[in-house]
Amino acid sequence: MFRLWLVLFVVFLVYSCFVYSNCDKSRLPVTSPDKSVVAGWNTWQQKNCQSCHQIYGLGGYLGPDLTNAASAPGKDDKYLKIFIQYGTGKMPNFQLSDSETNNLVAFLKWVDKSGKSRVPKESVTWTGNYNLDN
Amino acid sequence: MQKYLRLYLITSLCLLSAAVLFGLVASWAFLYPETYNKFLPFYQLRPFHVSAALFWIISAATCGILHYKKEAFPETKSDNIFAQLFIYTWIGTIIAIFVCYGLKKFGGREYWEFPPVLGLPLLISWLLLMCAYFIPLLKTRGNKPIYVWMWTTGIFFFLITFIEQNLWLVPWFRQSYLRELTIQWKANGATVGAWNQMIYGTSLYLMVKISGDGKKAQGKTVFFFYLLGLTNLMFNWGHHIYNAPAASWIRDTSYIISMTEWVFLIRMIQGFRKTLEEGRKLKHLITYRFIIASEFWVFANLLLTLAMSVPAINRYTHGTHITVAHSMGATIGINTMILLASFSYILGIDQKSEQLRKTIRFNFWLCQFSLFIFWIALIAAGVIKGYRSVVLNMTSFQEIMLPVMPALKTFSVAGIGVVISLGIISVVYIIQAIRCKEA
Ligand code: HEM
């Protein structure tokens with residue numbers, strides 16, 4: 001029994017390494033985050049924006065998914081900045097500085113470039129799976 | 001039961017009470033954020049609630065294992081230094097985590113939202129637990145029952161996935177958003193798998209004990225199902241990120257592996273008659289009731305999970321409260337029920353006065369009933385949101401959420417039943433634990 005377990009475990013390790021190195025090799029080019037994006041990402045976690053917002057549908061559900069907020073029609077940097085800096089009734093005002101706000105916007109714009117959160121109907125195949133490669 | 005285990009059991013139950021209370025208040029903050037933002041905002045309540053819930057589950061599971069291992073591996077010295085060190089560091093870190101949340105100091109990833117330095121004492125305490133568990137395990141020879149395999153797997157994989165959870169602290173993992181996201185959810189998915197191994201192992205152990213049938217934990221079939229569970233732990237996590245444009249083989253692998261869970265469902269249906277017969281003999285036991293309740297919830301949640309694991313259906317359910325129905329349905333209905341069975345067994349609730357058992361039985365039913373409404377309301381909330389955003393293609397968030405709110409109000413009201421019933425059960429058990437000094 002232990003041998004069977006070991007085989008499975010080795011497969012798991014190999015698969016894990018493969019996932020680490022190849023999971024993002026889809027068709028979209030990957031751009032490394034610059035300093036401002038990384039700072040924005042950290043603020044995102046330190047202010048716990050994820051407890052109300054989702055990215056790729058993951059997170060809390062009180063606010064909207066923000067994966068593609070940066071490229072949504074009618075929404076530009078200024079729009080995002082106003083929300084982030086002042087909040088709304090439902091979204092708290094975090095008293096963020098200008099640089100924190102700019103970093104958060106840079107982060108959201110970088111996330112937006114990684115892909116679309118909504119899967120279009122056309123991408124669903126007959127197996128019930130998606131084809132997101134084109 | 002040793003003093004330190006008693007302390008640990010009581011702490012776990014306090015975490016359960018805290019989890020349900022924070023959950024209820026969080027649901028109000030969800031409904032009325034304008035009011036709550038002024039003094040206790042949702043972004044503080046959610047981590048309070050979710051961390052209390054997750055630490056309740058992990059603490060209660062390890063508390064049971066530390067208690068049962070004395071019987072499973074007879075060679076342990078009863079006053080195990082490692083176990084004590086584990087418990088004190090673990091509880092201390094949990095307190096520190098709550099203090100951070102109170103001070104609005106966050107910084108971690110979803111579900112582990114505390115400043116990442118606190119991961120270090122958590123890691124150290126887990127290593128201490130592993131010493132406490134593995135030293136006696138490695139000293140005992142011979143074939144082990146499957147529940148020992150499951151406990152061992154759970155404890156071991158929790159370590160692996162915990163380290164994986166924290167890989168984002170290494171800059172290379174943050175070079176690409178999809179890489180970071182994939183690994184985060186690989187780790188999150190497998191962590192849940194790890195605690196499920198500990199908890200299902202405990203459930204099997206309890207069934208062996210109360211039915212007196214050791215064969216339940218031996219043989220090829222049980223081992224096969226253990227391996228199937230383990231395979232799912234290792235490879236099914238991709239269903240959390242179906243919609244992210246990561247490499248397609250991740251989606252393919254997890255879709256195929258997730259579908260093997262049909263085998264669990266079929267087995268439950270096949271075993272239904274046997275379960276009924278057994279139920280007739282054991283139904284007077286409170287321990288058994290909690291286990292049977294967990295089986296009901298396994299069945300209900302399997303139906304939901306199997307559906308959500310088909311990408312074409314996940315397209316509608318992802319990012320809605322159906323996910324919350326799934327996670328709370330499983331953590332309350334399955335995990336909490338088994339852990340309460342475990343504590344009922346440890347505290348000898350079935351040997352207590354009729355009055356006390358009556359109280360527990362009543363609250364048991366109150367919990368099942370309210371949880372069912374709670375669960376259905378969350379599914380309804382998810383269906384409405386999915387329909388409006390995916391089918392009707394609405395884009396305004398406010399507009400999408402408008403008809404979702406009544407469903408969430410129902411959820412919140414049903415939550416009161418869950419809070420009262422689980423709250424009373426935990427208080428009764430805490431009192432019993434304080435009283436049973438000599439047991
Ligand atoms: C033992 C009992 C409970 C456990 C183990 C538990 C567990 C959890 C977990 C794991 C989550 C995260 C869900 C996700 O992100 O998908 C969650 C979220 C939540 N829970 Fe609970 N829960 C419990 C009881 C309750 C109760 C009684 C309420 C009261 C109504 C409640 C209200 C909530 C709310 C409002 C959220 C946030 C959902 C959102 O972001 O919209 N929970 N809970």
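Data block above holds the structure.
Residues numbered from 1 in each chain as written. Chains lettered and ligands numbered in written order. Predicted model: local features only at pLDDT ≥ 70, side-chain atom pairs only at ≥ 80, totals over all residues. Heavy atoms only, no water.

The next subject is the coordination of the iron atom of the ligand. Residues and elements named next belong to chain B. Protein-derived coordination of the iron atom of the ligand comes from His49 (NE2) and Met328 (SD), at a distance range of 1.9 to 2.2 Å. Coordination at the iron atom of the ligand comes from six donor atoms whose angles at the metal span 86 to 179 degrees, giving a geometry best classed as octahedral. Linking His49 in helix 3 (residues 42-72) with Met328 in helix 14 (residues 321-347), this pair joins segments that are 279 residues apart in sequence. The two residues His49 and Met328 agree in class, both being buried. (Donors = N, O, S within 2.8 Å, 3.2 Å for Na, K, Ca; no water. Tetrahedral: all angles 85-135°; square planar, octahedral: opposite > 155°, others 65-115°. Helix = DSSP H or I, 4+ residues; strand = E, 2+ residues; numbered from the N terminus. Buried < 20%, exposed > 50% of the residue type's maximum accessible area, 1.4 Å probe, protein only.)

Residue and element names in this part refer to chain B. Secondary-structure assignment places Thr62 in helix 3. Polar side-chain contacts of Thr62 include one of 2.7 Å to the side chain of Tyr8. Here Ile58 takes part through its backbone oxygen, which lies 2.8 Å from a polar atom of the side chain of Thr62. Beyond its immediate chain neighbours, meaning those up to four positions away, Thr62 contacts Tyr8, Phe86, Trp126, Leu129 and Met198. (Polar contact = N/O pair within 3.5 Å; in protein donor to acceptor, adjacent residues only side chain to side chain. Contact = heavy atoms within 4.5 Å.)

With that settled, consider the site of the ligand. Taken together, the neighbourhood of the ligand is formed by 28 residues, with Arg46, His49, Tyr111, Ser327 and Met328 of chain B sitting nearest. Looking at what sits near the ligand, you find residues from chains A and B. At a separation of 2.7 Å, an oxygen atom of the ligand approaches a polar side-chain atom of Arg46 of chain B. Contacts to the ligand include His49 of chain B, whose side-chain N or O atom sits 2.7 Å from a nitrogen atom. (Near = heavy atom within 4 Å.)

Taken together, the contact between chain B and chain A spans 79 residues of the former and 65 residues of the latter. Carbon and sulfur atoms make up 65% of the surface buried where chain B meets chain A, a total of about 6200 Å² over both sides. Considering only the surface of chain B that becomes buried against chain A, Arg174, Tyr177 and Arg315 of chain B emerge as the three largest contributors, covering 12% of it. One can count 24 residue pairs in polar contact (both at pLDDT 80 or more) joining chain B with chain A. Here the side of chain B that touches chain A gets nine residues from one element, more than from any other, and that element is helix 7 (residues 177-211) of chain B. Its residues assigned to classes, the side of chain B that touches chain A shows 43 nonpolar, 21 polar and 15 charged. (Buried area = accessible area lost by both parts, 1.4 Å probe. Nonpolar A, V, L, I, M, F, W, Y, C, P; charged D, E, K, R; others polar.)

Honestly, it's all geometry; don't read function into it.
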